[in-house]
Amino acid sequence: MIFERRQFLAGAAIALSPFNSAAAQILPGPGYGTPLGTSPFAPDVYRARRAQLMAQLKTGLAVIHGATAADAPDNTLLAPFTQNGDFAWLTGIMDEPGAILVLAPGEAAVKEFLFLPSRDIEMERVTVERLPLGSLIEQRTGIQRVQRSTRLGGLVTQLATRAKDLHFLGPVVSATAPVPETLELYGRIAARVPGTSIRDQSGLLTALRSVKEPRELDLMQKAMTATRAGHLAAMRGVKPGMTERQLRRLLEEGFANAGGTGLSYNSIVAAGRNAASLHYITETGPIRDGDLVLIDAAASVGRYACDVTRSFPANGRFAPAQRADYELVLAAQAAADSRLKAGVTFEELDEAARQVFRRTGRIDEFYHGLGHYVGLDVHDPFDRSKPIPAGAVITIEPGLYAHSANQGIRIEDQYLVTATGSERMSAGIPRSVAEIEAAMRGKAG
Ligand code: GLY
Ligand code: MN
Ligand code: MN
């Protein structure tokens, strides 16, 4: 689910045990060390994307900052470095904290520069060995010029004296968040190079990333196959008396056994009243007979995310009142999904689902946004008021939550939007009451 304030903020895909990170897909070349290369696709894919972006910018210059080491906790054993979605989409460089891309579409010869932090031999004993500058880096990344970050200021100032437009590609962050590094840099350039101006291009990458390439859909489909296996393993393996954490293990083993290479986000496995807390991840709770269990979890493949939620009875049979509430949520989802096709906005879908809850007097029990885009990030950037294009992948995820009723229900499916309607990518995961109860009758033990 997603809250309004998060619509600009890209989420982070997290790779945790029992998975390896997306680097598993990369074949190390001569001389290990980072950057290992581009991932999950070859350098020419990213070069073509940058060319597409530069064709739209035409002139000027654009600086795009990758995630920094400061974006990760001090202890890299706790959470591995995760590249930000825009930078990952443009470069495929996933393993170099502090990398910065500079694009200069109007320049005659060299149009692409990559800046990497200087090497720190002491740190390399702790984290990973990094490559020296040279042709190997340029070959692995497919970027024309790779230099150390100490030279960034000089180069962008020199470029800005010719190319007066400084394009800001976003993301736009809230007024209380730190000023993005790119805007700080542009501010310093504008103070030194007369005649430069900052251009808002924050919708451009959002639009480019929102239409998925066939190769991206292929990875998302693979991630969905693994996601389905995990959800089925959980539905079949759940037993009253288990803990949420035991069920999470079954779920995530199911993902890994079916080809998942990571998690799209921290799995939410919540029983009974815990399911009414939207981002519950404590997992110490017991699963009781009579509880509904909510699982919001998905595998990823090559960093591509999925996002699926299922709610089901721990004992395999919906009680009549649970069933009535479940079918109300399903009706709200159907109200939105029947309107889904290219050209509709999220605001329209949201209103269609909300009307179902309003008509039945339950609107106060649905307290989050209806859905979001998915891709490299589980929450890909998007604009709720803009028409959804064909080729976008989105979720529709209504819910009903009440701590007082010891219950939370969410049903979340993932859709590929087409010109005439949509394809439900998560269709293979039991969803109706009959499908869920049938899948749970096949329970082991
Ligand atoms: N899994 C997070 C969400 O549904 O948006
Ligand atoms: Mn979601
Ligand atoms: Mn979800």
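A quick note: this is a predicted structure, and the numbers were derived from the prediction, not measured. (Residues numbered from 1 in each chain as written. Chains lettered and ligands numbered in written order. Predicted model: local features only at pLDDT ≥ 70, side-chain atom pairs only at ≥ 80, totals over all residues. Heavy atoms only, no water.)

A.B. asks: Please explain the overall build of the chain as it appears in this structure.
C.D. replies: Counting its regular elements, the chain contains 12 helices and 16 strands. Relative to a compact globule of 445 residues, whose C-alpha radius of gyration would be 22 Å, the chain shows 23 Å and is just as compact. Over its C-alpha atoms, taken along the principal directions, the chain stretches across nearly 70 × 45 × 35 Å. Counting the 445 residues in the chain, one finds 54% classified as buried. Restricting to contacts in the chain with at least 6 residues of sequence separation, those with at least 24 account for 73%. Of the roughly 18500 Å² of accessible surface on the chain, 54% is carried by carbon and sulfur atoms. (Helix = DSSP H or I, 4+ residues; strand = E, 2+ residues; numbered from the N terminus. Rg over C-alpha atoms; globule rule 2.2 N^0.38 Å. Buried < 20%, exposed > 50% of the residue type's maximum accessible area, 1.4 Å probe, protein only. Contact = heavy atoms within 4.5 Å. Areas by Shrake-Rupley, 256 points an atom, 1.4 Å probe, with all protein chains shown as cover.)

A.B. asks: Please clarify how the pattern of salt bridges should be interpreted in this entry.
C.D. replies: Throughout the structure, instances matching the rule amount to 29 salt bridges. When the shortest N-O distance is used, the salt bridge between Asp-383 and Lys-386 registers 3.6 Å. When its relative accessible area of 48% is taken as the criterion, Lys-386 is described as partly exposed. One continuous salt-bridge network, built from bridges that share partners, spans Asp-86, Arg-209, Lys-212, Arg-303, Asp-377 and Asp-380. (Salt bridge = Lys/Arg side-chain N within 4 Å of Asp/Glu carboxyl O.)

A.B. asks: Looking at this model, I keep getting lost on the coordination of the manganese ion (ligand 2). Mind explaining?
C.D. replies: Ideal geometry at a metal gives 109.5 degrees between four tetrahedral donors and either 90 or 180 degrees between six octahedral ones. Within the protein, the manganese ion (ligand 2) binds to Asp-307 (OD), His-372 (NE2), Glu-397 (OE) and Glu-412 (OE); these donor distances fall in the range 2.0 to 2.2 Å. Taken together, the 6 donor atoms surrounding the manganese ion (ligand 2) define angles of 52 to 155° at the centre, an arrangement classified as irregular. Between consecutive donors of the manganese ion (ligand 2), the numbers of intervening residues give the motif D-x64-H-x24-E-x14-E. A spacing of 3.3 Å is found between the manganese ion (ligand 2) and the manganese ion (ligand 3), which share Asp-307 as a donor. A residue pair is termed long-range when its members are at least 10 positions apart, and Glu-397 in the loop between strand E12 (393–396) and strand E13 (399–402) and Glu-412 in the loop between strand E14 (407–410) and strand E15 (413–417) qualify at 15 residues. (Donors = N, O, S within 2.8 Å, 3.2 Å for Na, K, Ca; no water. Tetrahedral: all angles 85-135°; square planar, octahedral: opposite > 155°, others 65-115°.)

A.B. asks: For this particular structure, what's the right way to read the packing of aromatic side chains?
C.D. replies: The geometry of an aromatic ring pair is captured by two quantities: the separation of the ring centres and the angle between the planes. The final tally for this structure, using the stated rule, is 8 aromatic pairs. Pairing Phe-41 with Tyr-46 gives two aromatic rings, centres 6.3 Å apart and planes at 35°, and the pair type is tilted. For Phe-41, a relative accessible area of 11% translates into the label buried. Every member of this aromatic cluster is reached through a ring pair, and the members are Phe-41, Tyr-46 and Tyr-304. In this structure, Arg-215 is placed above the aromatic ring of Phe-41, and the distance from its NZ or CZ to the ring centre is 5.6 Å. (Phe/Tyr/Trp six-rings, centres within 6.5 Å; stacked < 30°, edge-to-face > 60°. Lys NZ or Arg CZ within 6 Å of the ring centre and 35° of its normal.)

A.B. asks: It is not clear to me how the confidence of the model for the chain should be interpreted in this structure. Could you clarify?
C.D. replies: A low pLDDT score tells you not to read the predicted coordinates there in detail. Mean pLDDT over the chain: 92, with 91% of residues reaching 70 or higher. In the model of the chain, helix H3 (residues 121–124) stands out as the element of lowest mean pLDDT, 92, in contrast to E15, which has the highest, 99. Considering only residues more than four positions removed or in separate chains, one finds that residues 3–25, a stretch of pLDDT under 50, has 60 contacts. (pLDDT = per-residue confidence, 0-100.)

A.B. asks: Quick question: what am I supposed to make of the coordination of the manganese ion (ligand 3) here?
C.D. replies: Around the manganese ion (ligand 3), the protein supplies Asp-296 (OD), Asp-296 (OD), Asp-307 (OD) and Glu-412 (OE) as donor atoms, at distances of 2.1 to 2.5 Å. If you look at the manganese ion (ligand 3), its 6 donor atoms make angles of 55 to 168° with each other, and the shape they trace is irregular. Mapped onto the sequence, the residues coordinating the manganese ion (ligand 3) show the spacing D-x10-D-x104-E.

A.B. asks: Help me understand the sheet that holds strand E3 (residues 112–116), please; the structure alone is not making it clear to me.
C.D. replies: Strand order across the open sheet formed by 6 strands is E4-E3-E2-E1-E5-E6, with mixed pairing between neighbours. In this open sheet, the two edge strands, each paired with only one partner strand, are strand E4 (145–148) and strand E6 (197–200). Pairs of neighbouring strands in the sheet enclose a mean axial angle of 25°, with direction left out of account. Note: strand E1 (residues 61–65) against strand E2 (residues 100–103), 4 bridges, orientation antiparallel. (Pairing = 2+ DSSP bridges. Axes fitted to C-alpha atoms, helices over the stretch in contact; angles between N-to-C directions.)

A.B. asks: How do you make sense of the packing of helix H10 (residues 320–337) against helix H11 (residues 346–359) when you look at a structure like this?
C.D. replies: The axes of two packed helices give the description: the angle between them and the distance between them. It is at 7 Å that the axes of H10 and H11 come closest, and there the two elements cross at 150°. Relative to H11, H10 is oriented roughly antiparallel. For H10 against H11, the interelement crossing comes out right-handed. Residues Leu-328, Val-329, Ala-331, Ala-332, Ala-335 and Ala-336 of H10 lie in contact with H11, whose contacting residues are Leu-349, Ala-352, Ala-353, Val-356 and Phe-357. In terms of residue class, the contact of H10 with H11 is made up of 11 nonpolar, no polar and no charged. (Parallel < 35°, antiparallel > 145°, perpendicular 65-115°, else oblique. Left-handed = near helix turned anticlockwise from the far one by under 90°. Nonpolar A, V, L, I, M, F, W, Y, C, P; charged D, E, K, R; others polar.)

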